[in-house]
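Listed below are the residues making up each chain.
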Amino acid sequence: MSSTKSYAAQSETTPLTPWTINRRDPKPTDVQIDIKYCGVCHSDLHFAKNDWGMSVYPLVPGHEIVGIVTAVGDKVSKFKVGDLAGIGCLVDSCRECHNCKDGLEQYCSNGWVGTYGGMEKDGSGATYGGYSKCILAHEDFVLHLSDKQPLEAIAPLLCAGITTYSPLRRWNVGKGQKVGVLGLGGLGHMGVKLAVSMGAEVTMLSHTPSKEADAKRLGAHKFVLTSDEEQTKTVAGYFDFILDTVSAQHDYNFYLNMLNTNGTMVCVGAPPPAEPIVPFNLIFQRRSIAGSLIGGLPETQEMLDYCAEHNIVSDVEVIAMKDINEAYERMLKGDVRYRFVIDMATL
Ligand code: NAP
Ligand code: ZN
Ligand code: ZN
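Residues numbered from 1 in each chain as written. Chains lettered and ligands numbered in written order. Predicted model: local features only at pLDDT ≥ 70, side-chain atom pairs only at ≥ 80, totals over all residues. Heavy atoms only, no water.

### Notes on the sheet that holds strand E10 (residues 178–182)
(1) Moving on: Spatial strand order, E12-E11-E10-E13-E14-E15: six strands in an open sheet with parallel pairing. Every interior strand has two partners, whereas the edge strands, strand E12 (222–225) and strand E15 (288–291), have only one. The sheet shows a mean angle of 20 degrees between the axes of neighbouring strands, direction not considered.
(2) Moving on: The sheet contact formed by E10 and strand E13 (residues 239–244) spans four bridges and is parallel. Across the sheet, valine 181 pairs through a bridge with leucine 243, a residue of E13. (Pairing = 2+ DSSP bridges. Helix = DSSP H or I, 4+ residues; strand = E, 2+ residues; numbered from the N terminus. Axes fitted to C-alpha atoms, helices over the stretch in contact; angles between N-to-C directions.)

Written out as structure tokens, the structure is:
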């Protein structure tokens, strides 16, 4: 056991404060990482505040983890000490069910283990995330990172990147398609960059007028202010695909009507509680609404390699660990351009 500094929420009503956790000694298949940076996902905030009613405290959030390998077990073959390495939202799964065998560990039939707020499969206790100095995981759940891109800007790819990449691939988004990305935050800004890189015509759907210039800078071809009725009329029945990344309650029916015949809206944003969906909005134009959860390990590595090849990273604001509570407040106000990343040297 090694004691490790971290920041934890002790309850749903208390701010994050310093806390010490005990990490296990490396197992033969484990990779141990000295964490350099950890991205701040809106899911961290949902979990810290128990928005989804499933949080277990103390809770150490953080699942956009990047750093340097400091130790490897005897049976580790894919990593060596000194390598750059990342951990996303998963640290274990059953590895035996059909989904695990297909590299879809995020849909493991027997339950995957989250990087934080989960329970280790060997019964050794709770998992604690990346708002800490070090972490260990089985090598199968550790990702290789490019050394050609800034490390802090790669961190958000481990969740925001894969969560947007996976549905764009699954629904074959590409040239000739009209894509709407709803919500310009951590996920949304990666959704824009990735959909543009895949050749789609991309429209940013945002309720924040001041984000228009940024949306264009990120590559969006159009910007629609969702609070402006005249602007939204121009995209009625327009999109082949909408990626909904909004973290707060919103009316799905309003956006479903922006889909063309056979269009699909994929929800990755997970606001509590959900709004009802009116079936007629699906029926009349044979539209679909779907969901998508992060991505499996093989696809996460594919996405990291794709981003390295296409020179795609996240736009980040690096913060000190002590400023995490303020960052959460700013995130709730939509005041993040476009991902906070914690510099772990400040812990
Ligand atoms: P974020 O950076 O806070 O961005 C959320 C964006 O939603 C905001 O920037 C804002 O964009 C929009 N928004 C916020 N409040 C709104 C409101 N009241 N009405 C309309 N739009 C609003 O959050 P994130 O880290 O990207 O995460 C987004 C959501 O995805 C969260 O619910 C998170 O838990 C979820 N998530 C899901 C997965 C998955 O696997 N499915 C993975 C990671 C995260 P505009 O200002 O442009 O309108
Ligand atoms: Zn996340
Ligand atoms: Zn499984």
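Next comes the rest of the description.
### Concerning the coordination of the zinc ion (ligand 3)
(1) Moving on: Of the protein atoms, only Cys94 (SG), Cys97 (SG), Cys100 (SG) and Cys108 (SG) coordinate the zinc ion (ligand 3), at distances of 2.3 to 2.4 Å.
(2) Moving on: Classification of the site at the zinc ion (ligand 3) rests on its four donor atoms, whose angles at the metal span 102 to 119 degrees, yielding the label tetrahedral.
(3) Moving on: Binding-site remark: the zinc ion (ligand 3) is held by donors from one chain whose sequence spacing is C-x2-C-x2-C-x7-C. Across the pair, cysteine 100 and cysteine 97 agree in class, each one buried. (Donors = N, O, S within 2.8 Å, 3.2 Å for Na, K, Ca; no water. Tetrahedral: all angles 85-135°; square planar, octahedral: opposite > 155°, others 65-115°. Buried < 20%, exposed > 50% of the residue type's maximum accessible area, 1.4 Å probe, protein only.)

### With respect to the domain arrangement of the protein chain
(1) Moving on: When the domains of the protein chain are assigned, the result is domain 1 (2–159 + 295–346) and domain 2 (163–291).
(2) Moving on: The C-alpha centroid of domain 2 is placed 27 Å from the C-alpha centroid of domain 1.
(3) Moving on: Taken residue by residue, the interface counts 20 residues in domain 1 and 22 residues in domain 2.
(4) Moving on: Both faces combined, the contact of domain 1 with domain 2 buries some 1,900 Å², and carbon together with sulfur accounts for 54% of it.
(5) Moving on: The largest share of the area that domain 1 buries against domain 2 comes from Tyr306, Asp315 and Tyr338, three residues that together contribute 33% of it.
(6) Moving on: In this assembly, domain 1 and domain 2 are joined by three salt bridges. (Domains from an automatic or database assignment. Contact = heavy atoms within 4.5 Å. Buried area = accessible area lost by both parts, 1.4 Å probe. Salt bridge = Lys/Arg side-chain N within 4 Å of Asp/Glu carboxyl O.)

### Overview of the packing of helix H4 (residues 160–170) against helix H10 (residues 297–309)
(1) Moving on: The geometry of H4 relative to H10 is characterised by a closest axis approach of 10 Å and an angle of 100 degrees between their N-to-C directions. Comparing the axis directions of H4 and H10 gives the class roughly perpendicular. Here Gly161, Ile162, Tyr165, Ser166 and Arg169 of H4 lie close against H10, whose contacting residues are Glu299, Thr300, Glu302, Met303 and Tyr306.
(2) Moving on: Taken together, the residues of the contact of H4 with H10 break down into four nonpolar, three polar and three charged. (Parallel < 35°, antiparallel > 145°, perpendicular 65-115°, else oblique. Nonpolar A, V, L, I, M, F, W, Y, C, P; charged D, E, K, R; others polar.)

### A word on the site of ligand 1
(1) Moving on: The environment of ligand 1 is formed by 28 residues, the closest being Ser206, His207, Thr208, Lys211 and Arg339.
(2) Moving on: Residue serine 292 places a main-chain N or O atom 2.9 Å away from a nitrogen atom belonging to ligand 1.
(3) Moving on: Look at ligand 1: alone it shows 920 Å² of surface, and the protein chains cover 90% of it.
(4) Moving on: When contributions to the shell around ligand 1 are tallied by element, the ones reaching two or more residues are helix H1 (42–48) and helix H5 (186–197).
(5) Moving on: The dominant element in the shell around ligand 1, judged by the number of residues it contributes, is H1, at three residues.
(6) Moving on: Here the residues of the shell around ligand 1 sort into twelve nonpolar, 14 polar and two charged.
(7) Moving on: Two domains each put at least three residues into the shell around ligand 1: domain 1 (2–159 + 295–346) and domain 2 (163–291). (Near = heavy atom within 4 Å. Polar contact = N/O pair within 3.5 Å; in protein donor to acceptor, adjacent residues only side chain to side chain. Areas by Shrake-Rupley, 256 points an atom, 1.4 Å probe, with all protein chains shown as cover.)

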